Amino acid sequence: MTAESRNPARGLDLASTPASDLKLPGPGSPVLSCRDVSVYYGKFRAVTDVNLSFGANEITAMIGPSGCGKSTVLRSLNRMNDLVPGARVEGLIGYHGVDLYGKDVDVIEVRRRIGMVFQKPNPFPSSIYNNIAYGPRVTGMHVDDMDDLVEQALTRAALWDEVKNKLHKSAFALSGGQQQRLCIARALATNPEVILMDEPCSALDPIATQKIEDLMLDLAREFTIVIVTHNMQQAARVSQRTAFFTTVADEHGERTGRLVEFDTTEKIFSTPSDERTEAYITGRFG
Amino acid sequence: MTTRVNEAGDVSRPSLKASSPRYGEKLIKAFLFVCAGLSVLVTTAIVISLLVPTVDFFTEVSITEFLFGTEWRPGRGTQTSYGVLPIVVGTLNITLIALVVAIPVGLLSAFYLSEYANPRLRKIVKPVLEVLAGIPTVAIGLFALYFLKPFFADLLPWVDLDGLFSQGVAGIAVGLMIVPLVASVAEDAMRAVPPGLREGAYALGATKLRVSLKVVFPAAISGIVAACVLAASRAIGETMVVLIAAGASPKLIGPWEFGESVLTMTAYIGRTATGDIATGTITYKTIFAVGALLFVMTLIMNLISIRLVRRFREVYE
């Protein structure tokens, strides 16, 4: 098999092809789209031929058993996989029609527009204030009033009232749920368009989880959100669309992740078209 | 709850007594205690052996003369003077010059190895660095005298490097010697920073340099401070290099006087304790007094470093 035939999407001019002609499942005018995307770690193909797109101001959930490649897809959406030695993306990932892995794409610029929140809260070893100001400072954003920007970001992340009197205290003094909201506020401070969330509640208790979920629903008015979650109820509660991934054996008998079904969350959780999806969401598998 | 009834019909309780006295366990514990106690004992013995002749020394020379005197002419003659300041300053000069070399070079190497180098290169460079740390200091002294000294005489023609010895050259040699130590300890501290922190910064669009300086550096600060203090202790205590390359003239000069020869505390002890001094003489007692002062200096430095490390930990953890 030649690289060309395995990778038909490469060379396609995304900018001049209307999204509807790409025949991708999902919303009409996507912010991000994946066409025949496969991601490799060295020789291991973690996920194969993913086609899906993420709509503006929507929350899209990616669910599936461990090792199905959902986090891998998420991390290739803002090129975090570049940090993993040996990681390689085939196929086309488009951001408003621009090839994210194109030649003159600056990865720093990509991550400024497509922010990320991680599984484990990872505040920087510094004050709450500095955590928020970090992004604008390192990206050289023009900021008139940093205090104001910090307040806004914390307010949007529903954390302001809890921390306004200790902005210059260490971020480590916050609880796990507060730390995660701080990380969300930190991501908001650079004013991205998309926020990627990699199992953002898996290290949190139910009350903190509920706060983050409320926050996500709030933020979806301004941002496009993609969330990877192991918690199916969470996907059902917050997302408009859901992508279900699972692990299958490829033509060489190697395990690889595949997108099984991508549809509105309502459809996925009520009348999924694939029996594997049904088995997973009803808990009979995975 | 069920009650067990034995064959005779008595109600019996389960036995929770040890089935054997476990002497082995007690023996091991006693042995480990003796080992731990031995190191404490030896340290105490060293301190006492330093202190006894020192106390003796101060019956002949006043503490004020020793600590604040500016002339170092120990020995027999009529012109004796026991002002320790010149050799303390010599030690501090060498240490300062060494740190000016070792800390920047060591920390930058650590940054490179931890944040920039690819894993394959790191796997080669790190062990080489650790081998470098094991080069005998005598060899470094010879390197300073026969290579560095003429090298700097050519490189800096405007500096007066006519004499054989120079505090600048000796300090730089000591600095080069402790670069691997700084790099290795600092790199360990940086590697210990959780990868999640780096990812968080990269996800905000930070460049590698920003991640290194603004996230990895503050998160690893306590280890980096430890590396610097360790380097300073090595530099203060270094004997062989300064004995060979720094000369033997006790002088009260600044560290910027590159080409001047100085005598350090360790070099004084090293060149005096050669075996042909008679025990009980004032010279004999002098080397112990200088040794005790050296001990106090490193002790104070270690205490400061422990406090520093603790303070940074409080801020960041």
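As the structure is a prediction and not an experimental result, all values here were calculated from the model. For every chain, the first residue of the written sequence is number 1, and numbering continues from 1 onward in sequence order. To read the labels, note that chains go from A and ligands from 1, taken in the order they are written. Totals for whole chains, interfaces and linings use all residues, but because this is a predicted model, local features are given only for residues with pLDDT of at least 70 and pairs of side-chain atoms are given and counted only at 80 or more. To obtain the side-chain values, all non-hydrogen atoms of the structure were used and water was disregarded.

1. Some thoughts on the overall build of chain B
Along chain B, the regular secondary structure elements total 12 helices and four strands. Here the globule rule is a power law, 2.2 Å times the number of residues to the power 0.38, and the radius of gyration is based on C-alpha atoms. Scaling as 2.2 N^0.38, a compact globule of 317 residues should have a C-alpha radius of gyration of about 20 Å, whereas chain B reaches 27 Å, well beyond that. Over its C-alpha atoms, taken along the principal directions, chain B stretches across nearly 100 × 65 × 35 Å. Residues counted as buried form 43% of the 317 residues belonging to chain B. In chain B, the share of contacts with a sequence separation of at least 24, taken over all contacts with a separation of at least 6, comes to 71%. Using the Shrake-Rupley algorithm and a 1.4 Å probe, accessible areas are obtained, with residue cover drawn only from the displayed protein chains. Accessible area of chain B: about 17800 Å², with a carbon and sulfur share of 67%. His residues and chain termini do not enter the charge count, which takes Lys and Arg as positive and Asp and Glu as negative. In plain terms, the charge of a residue is placed at NZ if it is Lys, CZ if Arg, CG if Asp and CD if Glu. Across chain B, 26 positive and 21 negative side-chain charges occur, with their mean positions spaced 10 Å apart. Helix numbering and strand numbering both begin at the N terminus, where a helix is a DSSP run of H or I of at least 4 residues and a strand a DSSP run of E of at least 2. Type-normalised accessible area, obtained with a 1.4 Å probe on protein chains alone, sets the label of each residue: buried when under 20%, exposed when over 50%, and partly exposed for intermediate values. Throughout, a residue-residue contact means that at least one pair of heavy atoms, one from each residue, lies within 4.5 Å.

2. Observations regarding the packing of aromatic side chains
Only centres within 6.5 Å qualify two rings of Phe, Tyr or Trp (six-membered ring in Trp) as a pair; their planes then separate them into stacked at under 30 degrees, edge-to-face at over 60, and tilted for everything else. Tallied over the full model, the rule gives 14 aromatic pairs over all chains. Ring geometry for Phe57(B) and Phe58(B): centres 5.3 Å apart, planes at 70 degrees, overall edge-to-face. A relative accessible area of 0% places Phe57(B) in the buried class. Chaining the aromatic ring pairs together yields one cluster made of Phe57(B), Phe58(B), Phe66(B), Trp72(B), Tyr82(B) and Tyr268(B). In this scheme, Lys NZ or Arg CZ marks a charge over a ring once it lies within 6 Å of the ring centre and within 35 degrees of the ring normal. A cation sits over an aromatic face here: Arg88(A) above Tyr40(A), 4.3 Å from the ring centre. Over the aromatic face of Phe124(A) sits the side chain of Arg186(A), whose NZ or CZ is 4.1 Å from the ring centroid.

3. Brief notes about the pattern of salt bridges
Whenever Lys or Arg places a side-chain nitrogen within 4 Å of a carboxyl oxygen from Asp or Glu, that contact is recorded as a salt bridge. Within the structure shown, the criterion is met by 21 salt bridges over all chains. The partner of Arg276(A) in a salt bridge is Asp274(A), and the shortest N-O contact between them spans 3.2 Å. On the accessibility criterion, Arg276(A) (36% relative accessible area) is partly exposed. Members of the salt-bridge network, linked through shared partners, are Lys126(B), Glu130(B), Glu187(B) and Asp188(B).

4. Structural notes on empty space enclosed by the protein
Both site types are read off a 1 Å grid over the protein atoms alone. A 1.4 Å probe that fits but cannot get out defines a cavity, while an open set with protein on both sides within 12 Å along at least five of seven lines defines a pocket; lining residues have an atom within 4 Å of a point. Grid points are joined across faces, edges and corners, and a volume is the space filled by probe spheres set on the points. Inspection of every chain in the model, using the stated rule, returns two cavities of 30 Å³ or more. Taken as a whole, the largest cavity encloses approximately 40 Å³ of empty space. Lining the largest cavity, in full, are Met116(A), Phe118(A), Cys183(A), Arg186(A), Ala187(A), Gly200(B), Ala203(B) and Leu204(B). Here the lining of the largest cavity gets three residues from one element, more than from any other, and that element is helix H7 (residues 176-189) of chain A. Quantified by volume, the second largest cavity comes out at close to 30 Å³. Surrounding the second largest cavity, Thr91(B), Ile94(B), Ala235(B), Ile236(B), Glu238(B), Val242(B), Thr264(B) and Thr266(B) form its lining. For this classification, the nonpolar set comprises Ala, Val, Leu, Ile, Met, Phe, Trp, Tyr, Cys and Pro, the charged set comprises Asp, Glu, Lys and Arg, and every other residue, Gly included, is treated as polar. Tallied by class, the residues present in the lining of the second largest cavity amount to four nonpolar, three polar and one charged.

5. Quick notes on helix H8 (residues 208-219) of chain B
In a regular helix each residue adds 1.5 Å, so 12 residues correspond to 16 Å; H8(B) covers 15 Å between its end C-alpha atoms and thus fits that length. If you check which residues of H8(B) are buried, you get Val211(B), Ser212(B), Val215(B), Val216(B) and Pro218(B). Take the residue count of a helix, subtract one, and multiply by 1.5 Å to get its expected span.

6. Section: the packing of helix H5 (residues 146-156) of chain A against H7(A)
Residue and element names in this part refer to chain A. Axes here refer to lines fitted to C-alpha atoms; in helices the fit is confined to the stretch in contact. Angles between the N-to-C directions go from 0 to 180 degrees. Running from N to C, H5 and H7 point in directions that differ by 130 degrees, and their axes come no closer than 8 Å. For the element pair H5 / H7, the angle class is oblique. Crossing of H5 against H7: the hand is right-handed. Across the interface between the two elements, Leu149, Ala153, Leu154 and Arg156 of H5 pack against Leu182, Ala185, Leu188 and Ala189 of H7. Roughly parallel means an angle under 35 degrees; roughly antiparallel, over 145; roughly perpendicular, 65 to 115; everything else is oblique. Crossing handedness is read from the near helix: turned anticlockwise from the far helix by less than a right angle, it gives a left-handed crossing, and turned clockwise, a right-handed one.

7. What to know about helix H8 (residues 206-219) of chain A
All names here are of chain A. With 14 residues, H8 ought to run about 20 Å at 1.5 Å a step, and its terminal C-alpha atoms sit 20 Å apart, in line with that. Those residues of H8 that sit buried are Ala208, Thr209, Ile212, Glu213, Leu215, Met216 and Leu219. End-on view of H8: buried residues confined to an arc of 160 degrees, all on one side of the axis. Exposed side chains of H8 directed beyond 90 degrees from the buried face belong to Pro206 and Ile207. Those residues of H8 that are buried lie in contact with strand E3 (59-63), H5, H7, strand E7 (194-198), strand E8 (224-228) and helix H9 (232-238). Polar contact is defined as a pair of N or O atoms within 3.5 Å, subject to the rule that within protein one atom must be able to donate a hydrogen and the other to accept it, and that residues adjacent in sequence are counted only when both atoms are side-chain atoms. A side-chain oxygen of the first residue of H8 lies 2.9 Å from the backbone nitrogen of Ile207; this N-cap is Asp205. The arc in question is the one spanned by the directions pointing from the helix axis to the C-beta atoms.

8. Some words on the confidence of the model for chain B
Close inspection of predicted coordinates is inappropriate for parts of the model with low pLDDT. The quantity called pLDDT is the predictor's confidence in a given residue, expressed from 0 to 100. Looking at chain B, pLDDT values average 87 and 94% of them are 70 or higher. Mean pLDDT across the secondary structure elements of chain B bottoms out at strand E1 (residues 4-5) of chain B, with 57, and peaks at helix H3 (residues 85-116) of chain B, with 94.

9. Here's the deal with the packing of H3(B) against H8(B)
All names here are of chain B. One can describe the packing of H3 onto H8 by two numbers: an axis separation of 11 Å at closest approach and a directional angle of 110 degrees. For the element pair H3 / H8, the angle class is roughly perpendicular. Along its contact with H3, which presents Phe111, Glu115 and Tyr116, the element H8 presents Lys208, Leu209, Ser212, Leu213, Val216 and Phe217. Its residues assigned to classes, the contact of H3 with H8 comprises six nonpolar, one polar and two charged.

10. Considering the nonpolar core
Looking at soluble globular proteins, one finds that nonpolar side chains tend to be buried together. The term nonpolar core refers to a set of buried residues drawn from Ala, Val, Leu, Ile, Met, Phe, Trp, Tyr and Cys, joined through side-chain atoms within 4.5 Å. Counting 112 residues, the largest nonpolar core has Leu32(A), Val50(A), Met62(A), Tyr134(A) and Phe245(A) as its most contacted members. Segment limits for the domains were obtained from an automatic or database-derived domain assignment. Each of two domains, domain 1 (1-55 + 64-105 + 242-286) and domain 2 (112-239) of chain A, supplies a minimum of three residues to this core. With near-sequence residues (within four places) excluded, Tyr134(A) lies in contact with Phe124(A), Ala201(B), Leu204(B), Ala206(B), Arg210(B), Val211(B), Lys214(B) and Val215(B). Core analysis: the second largest hydrophobic core is formed by 46 residues, Val117(A), Leu159(A), Ile227(A) and Val260(A) among them.

11. Observations regarding the environment of Ser71(A)
Residues and elements named next belong to chain A. As for its placement among the helices and strands, Ser71 is situated in helix H2 (residues 70-76). Counting along the chain gives 127 residues from Ser71 to Asp198, while the straight-line C-alpha distance between them is 6.6 Å. Once residues within four sequence positions are removed from consideration, Ser71 is found in contact with Asp198, Glu199 and Val228.

12. Let's talk about a negative patch on the surface
Together, Asp144(A), Asp145(A), Asp147(A), Asp148(A) and Glu151(A) give the surface a local cluster of negative charge. Considering the arrangement of structural elements, one finds Asp145(A) in the loop between helix H4 (128-138) and H5. What makes a patch is a set of residues exposed beyond 30% relative accessible area and free of salt bridges, joined within 9 Å when like-charged and within 5 Å when nonpolar (Val, Leu, Ile, Met, Phe, Trp, Tyr).

13. What about the sheet that holds E7(A)?
Residue and element names in this part refer to chain A. As summarised here, the arrangement of the 10 strands in space is E5-E4-E1-E2-E10-E9-E3-E8-E7-E6, forming an open sheet in which the pairing is mixed. Both outer strands of the open sheet, strand E5 (98-99) and strand E6 (114-117), are each paired with one neighbouring strand and no more. The sheet contact formed by strand E4 (residues 87-95) and E5 spans two bridges and is antiparallel. When the sheet's bridge partners are listed, Gly94 is paired in E5 with Asp99. Across the sheet, H8 is in contact with E3, E7 and E8; its angle to E8 comes to roughly 145 degrees. Pairing between strands is defined by DSSP: at least two bridges between the two strands are required.

14. A word on the pairing of E8(A)
Residues and elements named next belong to chain A. Extensive coverage of E8 is indicated by the burial of five of its five residues. Covered by surrounding structure in E8 are Thr224, Val226 and Val228 together with Ile225 and Ile227, the residues of both alternating faces. Relative to E8, E3 is paired through four bridges, and the arrangement is parallel. Counterpart to Met62 in the pairing with E8 is Val228. Pairing of E7 with E8, which is carried by five bridges, proceeds in the parallel orientation.

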